[in-house]
Protein chains: 2
Amino acid sequence: MAGSGLSLVRRAAEAVRRTPGWQKVVFIVAGAGTLTYACQDNRALQICDGTGNKKKVVILGTGWASASFLRNIDTSLYDIHVVSPRNYFTFTPLLPSVTCGTVEARSIVEPVRNIVRKRNGTFRFWEAECFKIDPTNKKVHCRSDVGTNIDGNGEFVVDYDYLIVGVGARPNTFNTPGVTENCHFLKEVEDAQNIRKSVLKCFERASLPNLSEEERRKNLHFVVIGGGPTGVEFAAELHDFVNEDLAKLYPDVKKYVNISVIEAGGHILTMFDKRITQFAEEKFKRDGIDLKTNFKVVKVSDKDITMTNPATGEIAVPYGMAVWSTGVGTRPIIMDFMKQVGQEDRRALATDEWLRVQGCEDVYALGDCATIAQRKVMVCSCYSIFKTSHRITISLYGTLELYLKSNQMKGFNDLLKDSDGNSKELKELNIEQFKKALAQVDSQVKMLPATAQVAAQEGSYLANCFNKMKACEENPEGPLRIRGAGRHRFKPFRYRHLGQFAPLGGEQTACQLPGDWVHVGHSTQWLWYSAYARLGKAIHLWKGLQQPIDSNRLIP
Amino acid sequence: MAGSGLSLVRRAAEAVRRTPGWQKVVFIVAGAGTLTYACQDNRALQICDGTGNKKKVVILGTGWASASFLRNIDTSLYDIHVVSPRNYFTFTPLLPSVTCGTVEARSIVEPVRNIVRKRNGTFRFWEAECFKIDPTNKKVHCRSDVGTNIDGNGEFVVDYDYLIVGVGARPNTFNTPGVTENCHFLKEVEDAQNIRKSVLKCFERASLPNLSEEERRKNLHFVVIGGGPTGVEFAAELHDFVNEDLAKLYPDVKKYVNISVIEAGGHILTMFDKRITQFAEEKFKRDGIDLKTNFKVVKVSDKDITMTNPATGEIAVPYGMAVWSTGVGTRPIIMDFMKQVGQEDRRALATDEWLRVQGCEDVYALGDCATIAQRKVMVCSCYSIFKTSHRITISLYGTLELYLKSNQMKGFNDLLKDSDGNSKELKELNIEQFKKALAQVDSQVKMLPATAQVAAQEGSYLANCFNKMKACEENPEGPLRIRGAGRHRFKPFRYRHLGQFAPLGGEQTACQLPGDWVHVGHSTQWLWYSAYARLGKAIHLWKGLQQPIDSNRLIP
């Protein structure tokens, strides 16, 4: 894979020429600028671009990664084709606010056609789900959503020169029985809207005249499973919503309201600094939010949630509404694709540092469905050190830097201290000490977190690579190749951590910025908004104001 | 019924005393100010107010009539209980705008609790559907919506001193097969939202790569069945939406869009002046909206709409989305109630001019589910004339006035002319000529139209009657009784026609005001808004701005 950078375009061109079946297709319809063909098997139909001048880039998904790619790609250089079951991008950090109506759903979505509409070049969007990637023939198999009254099964095939896989992940239920049927997730706009309806229904039900006190309590028991940022933020929003608004409208039943957060681990917000975790836990206690740590949910029925704890054993708690927010899992299409490219044993699609999927050609993957298989720090560092006259390149590929940051270490010295268990500062170290320290990093650094920040940075990185592909063909800007001669065409992807935020209700937000800055308070809320503005939404919204079209009208 | 006015309160009090079962109930829960009891049969539960000081008014429904009653009733005089499957009032005239996203759904709804929340007195709302009225025992049987996880079947019984029935009507399909399964209605906010989603889905489906031209046309064929104000306004809104917004986003398929309006009669907007009908038909022609008059829909499948016409016979037209808007029918609960009170043969619940349901005690009906059985003009008028020294009271109960207006007659003389077929003006007429003219009115005047205007005026009229019930008991303000002695307690309900409006797209609205004023143009749009402002929404919205609570957060 490492040597494939230089010949990427050439190989792609060959692959297109090699693609079989072009001679066998039957002409059906000539749309505006696009030719549509029927394959011989008469079942699925195949679409190929008729212009033939530009490379065809097919993008799967319209989440953070794909949208960020679309915002940055120069559409005059490529034919851009997007396949996604959602024709809009969702600003996911505000989803918990939609659940309580603080923010209107239409305010946090943007039609994908609007993202690239204003620029030159071909752009096509198809509202369909890709159910199979065929990297051998360079095709993706798609299916339009069911319930259409089109004849046939709504399947079609799209071929590609470059494929960008950004389909994201699905909520992870850990195969807990009853979760899919009885819990809400919080990944899509529809989820947030359903949660809001459900909360209001619970209040209406609890207000009915023929209920026992116990039944009212049950209806107004809101349970959040998972103490990560999404679950915590939703619990905080819900608390504000209940106390600020609903208590006034439903004064008779407000005393029955109870919000629980169930976390399998010992603490909530474990990915944050301990000070933030502690602050959040104390605030929840003051707010009356019931925090159940070390409880693992084993079953959810339509009436109650069963969970276990070493101290109490198995207990069943009745509930009115539950939100499941325990992290993400792999989509079936990705699992199938991973099998095809020999990655069966991985949890997500592995790419190299240039976001190319390992084991196939011309396929890129980014966002939550992918993970960058970081090269071993030790190998690279030692190699670099002895190649660059003993100067330590500690930020090599970002791996080491990220490890230091996530462990709240200020510099390389901290790592050495830690590695030796020695508290006094080291001035000098031999190669063995150095190797030992790096081996520790290698054993612990796993992958970039599944966040909007990572996905958006990957999308814009890849778009920039595509934009300067020609220029970099001649003047490669990447690092020296470890194996083989010359330089890599592009610089590798390097994640810049902008910090993490967790809104805790009452307009208080905890934030952890690079450089060990931790802050909790009202002003942080604005910092939070501005950090996301950087990721493109606010800027794009501002741009949107100049457009004559009201994009909000176009979104369900 | 005519003599029951004076003794209404006395009889109600007796009826409450006579209500059986109070001694047999078993105490279960004491809520805040309300006692809840279980009936002996253990199946349904009964709720009775524990205070006993005030009369209990139960209102069914939260539409125009009920909301208008709630806005005007003095809640310090009565215990107000509302039962409705919808916990919000919908500003229905803007529903067609919601279908195209011009207006946000949350902007046209208002939580029913907010309407009365600010005043003193008991107010309770139960989100449930009343499925049976029992006027003999003065109880209503209600059922909470399914899908609750409460044990039991969610049924309860509410007793009343006064019952106000404002459940509205349901869409009338005329038993046409396939309508309920395949067509959208346009009566609720959810309907409007589903229509919007459906329109966007049609565009996405038509954009898919593997469709024939015919299939694209089919997907983008939008059909409106019914040429009344709602259907016409929706067709006009959709035309604007498609041409202003969607054509830009879906340039490749805009040429396939077709909007059809199917009307069984010879013209659209037949309830308006002919000039407006003509203008609308010409505007639709210019806009390319396909107007199919004299076509009767006989069947709707998931693929096509079958209709008949004397000239063409039966034809089947493929379509992408259809909206059914052909008027209203009677709800099952009202049909059942009509049987109980001996009104089997009627189309809607008949009330007298004081909105009291004929055939039972202490039950009022208003809005689309009810109709005022106007007394014969001839009887009343002749009686009045000879009682009030030969002065003709032409506005008696509004019946005659409404007839003159709806037939564009300026005065009583027009009626006489018309009656005799004589064009010269009459200065004098004998009693036989006069009777003949009135008999003509009696034969043609049927009922007030099923509009928001009528419902809102009925609601505020009835609330005012309830507010001054005590005062009017001593000093009746109504007319002299035709049968029996003394005066009626209240003035009868009298409808004041404010005009009719039909938005025709492109910011053009046709309006027909009292006094034969017809206007079409841009300025009329504002007249339209201001006319509805009169009906309370705008004023209430303005009031809402002073409230600390954001009512929009509370609505799905």
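The name given to chain A in an unreviewed UniProt entry is External alternative NAD(P)H-ubiquinone oxidoreductase B3, mitochondrial, with Dichanthelium oligosanthes as the source organism. Chain A has a UniProt comment under Sequence similarities (unreviewed entry) that states "Belongs to the NADH dehydrogenase family."

A.B. asks: Would you mind going over the overall build of chain A with me for this structure?
C.D. replies: Tallying secondary structure elements over chain A gives 18 helices and 26 strands in all. For chain A, buried positions account for 55% of its 556 residues. Sequence separation of 24 or more characterises 61% of the internal contacts of chain A that already satisfy a separation of 6 or more. Carbon together with sulfur atoms contributes 52% to the accessible area of chain A, which is approximately 24400 Å² in total.

A.B. asks: Even after reading the chapter, I still don't get the environment of Pro-514 of chain B, so can you show me in this structure?
C.D. replies: Secondary-structure assignment places Pro-514 of chain B in the loop between strand S25 (509–513) and strand S26 (517–521). Remark: the alpha-carbon pair of Pro-514 of chain B and Thr-62 of chain B, spanning 452 residues in sequence, is separated by 29 Å.

A.B. asks: When you look at the sheet that holds strand S15 (residues 290–293) of chain A in this model, what are you seeing that I'm missing?
C.D. replies: What holds strands together in a sheet is hydrogen bonding between their backbones, with the strands either parallel or antiparallel. Residues and elements named next belong to chain A. Spatially, S15-S14-S13-S19 is the arrangement adopted by the four strands of the open sheet, whose pairing is parallel. Strands at the two margins of the open sheet, each flanked by one partner only, are S15 and strand S19 (321–324). Along the sheet, successive strands turn relative to each other by an average axial angle of 15°, direction set aside. Alignment of strand S14 (residues 258–263) against S15, held across four bridges, turns out to be parallel. Counted as the bridge partner of Val-261 is Leu-291 from S15. Strands strand S13 (221–225) and S19 of the sheet are contacted by helix H6 (residues 189–206), whose axis makes an angle of about 155° with S19.

A.B. asks: Is there a simple way to explain unusual backbone geometry in this structure?
C.D. replies: In most cases, non-glycine residues show a negative phi, while peptide bonds are predominantly trans. One non-glycine residue with positive phi stands out, namely Asp-362 of chain A, at about 60°. Mapped onto the secondary structure, Asp-362 of chain A falls in the loop between strand S21 (349–351) and strand S22 (363–365). Positive phi is not limited to glycine here, since Asn-294 of chain B has a value of about 60°. With respect to the helices, strands and loops of the structure, Asn-294 of chain B is situated in the loop between strand S15 (290–293) and strand S16 (296–300).

A.B. asks: In this structure, what is going on with the environment of Ala-373 of chain B? I would like to understand it.
C.D. replies: Residues and elements named next belong to chain B. The residue Ala-373 is located in the loop between strand S23 (370–372) and helix H11 (377–387) in this model. Taking the relative accessible area as the measure of exposure, Ala-373 reaches 16% and is therefore buried. Separated by 154 residues in the primary sequence, Ala-373 and Asn-219 place their C-alpha atoms 46 Å from one another. Once residues lying within four places of it in the same chain are set aside, the contact partners of Ala-373 are Arg-346, Ala-350, Thr-351 and Gln-358.

A.B. asks: Help me understand the side chain of Glu-263 of chain B in this model?
C.D. replies: Residues and elements named next belong to chain B. With respect to the helices, strands and loops of the structure, Glu-263 is situated in strand S14 (residues 258–263). In terms of polar contacts, Glu-263 uses its side chain to reach the backbone amide nitrogen of Gly-227, at 2.6 Å. Discounting residues that sit within four places of it in the chain, Glu-263 has contacts with Gly-226, Gly-227, Gly-228, Ile-268, Lys-292, Thr-293, Asn-294 and Phe-295.

A.B. asks: Explain the state of the cysteines to me, please; I cannot follow it from the model alone.
C.D. replies: One covalent bond between the sulfur atoms of two cysteine residues makes up a disulfide. For the structure shown, the criterion picks out zero disulfides over all chains. We note that Cys-130 of chain B lacks a disulfide partner, and the nearest cysteine sulfur, in Cys-142 of chain B, lies 4.8 Å from it.

A.B. asks: Can you walk me through helix H2 (residues 64–72) of chain A in this structure?
C.D. replies: Since the α-helix advances by 3.6 residues per turn, residues separated by three or four positions end up pointing in the same direction. Burial of H2 of chain A is extensive: eight of the nine residues sit out of reach of the surface. For H2 of chain A, every residue scored as buried is listed here: Trp-64, Ala-65, Ser-66, Ala-67, Ser-68, Phe-69, Leu-70 and Arg-71 of chain A.

A.B. asks: Just checking my understanding: could you explain the pairing of strand S24 (residues 500–503) of chain A for this structure?
C.D. replies: Residues and elements named next belong to chain A. Across four bridges, S24 lies against strand S25 (residues 509–513) in antiparallel orientation. Note that in S25 the partner of Ala-502 across the bridge is Ala-510. Joining the antiparallel neighbours S24 and S25 is a turn of five residues, in which Gly-505 adopts a positive phi near 90°.

A.B. asks: Got a minute to help me understand the pattern of salt bridges in this structure?
C.D. replies: Opposite charge on two side chains allows them to pair when their charged atoms are near. All names here are of chain B. Per the stated rule, a full pass over the model turns up 35 salt bridges over all chains. In this structure, Lys-56 engages Asp-159 in a salt bridge whose closest nitrogen and oxygen atoms are separated by 2.8 Å. Of this pair, Lys-56 sits in strand S4 (residues 55–60) while Asp-159 sits in strand S10 (residues 155–159), and the two are 103 residues apart along the sequence. An identical accessibility class is assigned to Lys-56 and Asp-159; each is buried. For Lys-283, the salt bridge goes to Asp-287, with nearest N and O atoms at 2.8 Å. Taken together, the positions of Lys-283 and Asp-287, both in helix H9 (residues 274–287) and four residues apart, correspond to about one turn of that helix. Taking relative accessible area as the criterion, Lys-283 reaches 7% and is therefore assigned buried.

A.B. asks: Can you help me understand the sheet that holds strand S18 (residues 313–318) of chain B in this one?
C.D. replies: All names here are of chain B. The antiparallel open sheet is built from three strands, whose spatial order is S16-S17-S18. Two strands lie at the open edges of the sheet, namely S16 and S18, each paired on one side alone. Between one strand and the next, the sheet's axes are offset by a mean angle of 30°, whatever the strand orientation. In the sheet, S16 pairs with strand S17 (residues 304–309) via four bridges, with the strands oriented antiparallel. From the neighbouring strand, Lys-299 faces S17, where its bridge partner is Thr-306.

A.B. asks: Is there a simple way to think about the packing of H2 of chain A against helix H15 (residues 452–467) of chain A in this case?
C.D. replies: A packed helix pair is summarised by two numbers, namely the angle formed by the two axes and the spacing between the axes. Residues and elements named next belong to chain A. Direction vectors running N to C along H2 and H15 enclose 35°, while the axes themselves pass 7 Å from each other. Considering the relative orientation of H2 and H15, their crossing is right-handed. Of the residues in H15, those in contact with Trp-64, Ala-65, Ser-68, Phe-69 and Asn-72 of H2 are Ala-452, Ala-455, Ala-456, Gly-459, Ser-460, Leu-462, Ala-463, Phe-466 and Asn-467. Looking at side-chain class alone, the contact of H2 with H15 contains nine nonpolar, five polar and no charged residues.

A.B. asks: Would you explain the nonpolar core in this entry?
C.D. replies: The tendency in soluble globular proteins is for nonpolar side chains to be buried side by side. Judged by nonpolar contacts, the single largest core of 87 residues is most densely connected at Phe-203, Phe-222 and Phe-466 of chain B. Residues lining this core come from more than one domain, with at least three contributed by each of domain 2 (45–85 + 128–169 + 330–374 + 449–480 + 488–496) and domain 3 (179–327) of chain B. Other than its neighbours up to four places away in sequence, Phe-466 of chain B contacts Val-57, Phe-69, Ile-73, Tyr-78, Tyr-162, Ile-164 and Tyr-364 of chain B. Ile-80, Leu-238, Phe-241 and Ala-456 of chain A belong to the second-largest nonpolar core, a separate cluster that totals 86 residues.

A.B. asks: Would you take a moment to explain the side chain of Arg-106 of chain B for this structure?
C.D. replies: Tracing the sequence through the fold places Arg-106 of chain B in the loop between helix H3 (95–99) and strand S7 (109–111). Polar contacts involving the side chain of Arg-106 of chain B include one to the main-chain carbonyl oxygen of Gly-101 of chain A, which spans 3.2 Å.

A.B. asks: Just checking my understanding: could you explain the packing of aromatic side chains for this structure?
C.D. replies: Here a ring pair, both rings aromatic, is described through the centre-centre distance and the interplanar angle of the planes. Under the definition given, this model contains 22 aromatic pairs over all chains. Judged by centre distance (5.1 Å) and plane angle (45°), the ring pair of Phe-203 of chain B and Tyr-250 of chain B falls under tilted. Of the two residues, Phe-203 of chain B sits in helix H6 (residues 189–206) while Tyr-250 of chain B sits in the loop between helix H8 (229–249) and S14, which places them 47 residues apart along the sequence. The same class applies to Phe-203 of chain B and to Tyr-250 of chain B, which are both buried. Among the aromatic residues, those joined into a cluster by ring pairs are Phe-69, Tyr-78, Tyr-162, Tyr-364 and Phe-466 of chain A. Against the face of Phe-295 of chain A rests Lys-292 of chain A, its NZ or CZ located 5.9 Å from the ring centre. Taking the ring centre of Phe-89 of chain B as reference, the NZ or CZ of Arg-71 of chain B above it sits at 5.1 Å.

A.B. asks: Mind showing me how you'd approach the packing of H6 of chain B against H8 of chain B here?
C.D. replies: Residues and elements named next belong to chain B. It is at 13 Å that the axes of H6 and H8 come closest, and there the two elements cross at 45°. Relative to H8, the element H6 is oriented oblique. Relative to H8, the crossing made by H6 is right-handed. Across the interface between the two elements, Ile-195, Val-199, Leu-200 and Phe-203 of H6 pack against Phe-234, Leu-238, Phe-241, Val-242 and Leu-246 of H8. Considered class by class, the residues forming the contact of H6 with H8 number nine nonpolar, no polar and no charged.

The rules behind these values
Residues numbered from 1 in each chain as written. Chains lettered and ligands numbered in written order. Predicted model: local features only at pLDDT ≥ 70, side-chain atom pairs only at ≥ 80, totals over all residues. Heavy atoms only, no water. UniProt positions renumbered as here; feature names shortened; annotations may be inferred. Helix = DSSP H or I, 4+ residues; strand = E, 2+ residues; numbered from the N terminus. Buried < 20%, exposed > 50% of the residue type's maximum accessible area, 1.4 Å probe, protein only. Contact = heavy atoms within 4.5 Å. Areas by Shrake-Rupley, 256 points an atom, 1.4 Å probe, with all protein chains shown as cover. Pairing = 2+ DSSP bridges. Axes fitted to C-alpha atoms, helices over the stretch in contact; angles between N-to-C directions. Polar contact = N/O pair within 3.5 Å; in protein donor to acceptor, adjacent residues only side chain to side chain. Disulfide = S-S within 2.5 Å. Salt bridge = Lys/Arg side-chain N within 4 Å of Asp/Glu carboxyl O. Left-handed = near helix turned anticlockwise from the far one by under 90°. Nonpolar A, V, L, I, M, F, W, Y, C, P; charged D, E, K, R; others polar. Core = buried A, V, L, I, M, F, W, Y, C linked by side-chain atoms within 4.5 Å. Domains from an automatic or database assignment. Phe/Tyr/Trp six-rings, centres within 6.5 Å; stacked < 30°, edge-to-face > 60°. Lys NZ or Arg CZ within 6 Å of the ring centre and 35° of its normal. Parallel < 35°, antiparallel > 145°, perpendicular 65-115°, else oblique.

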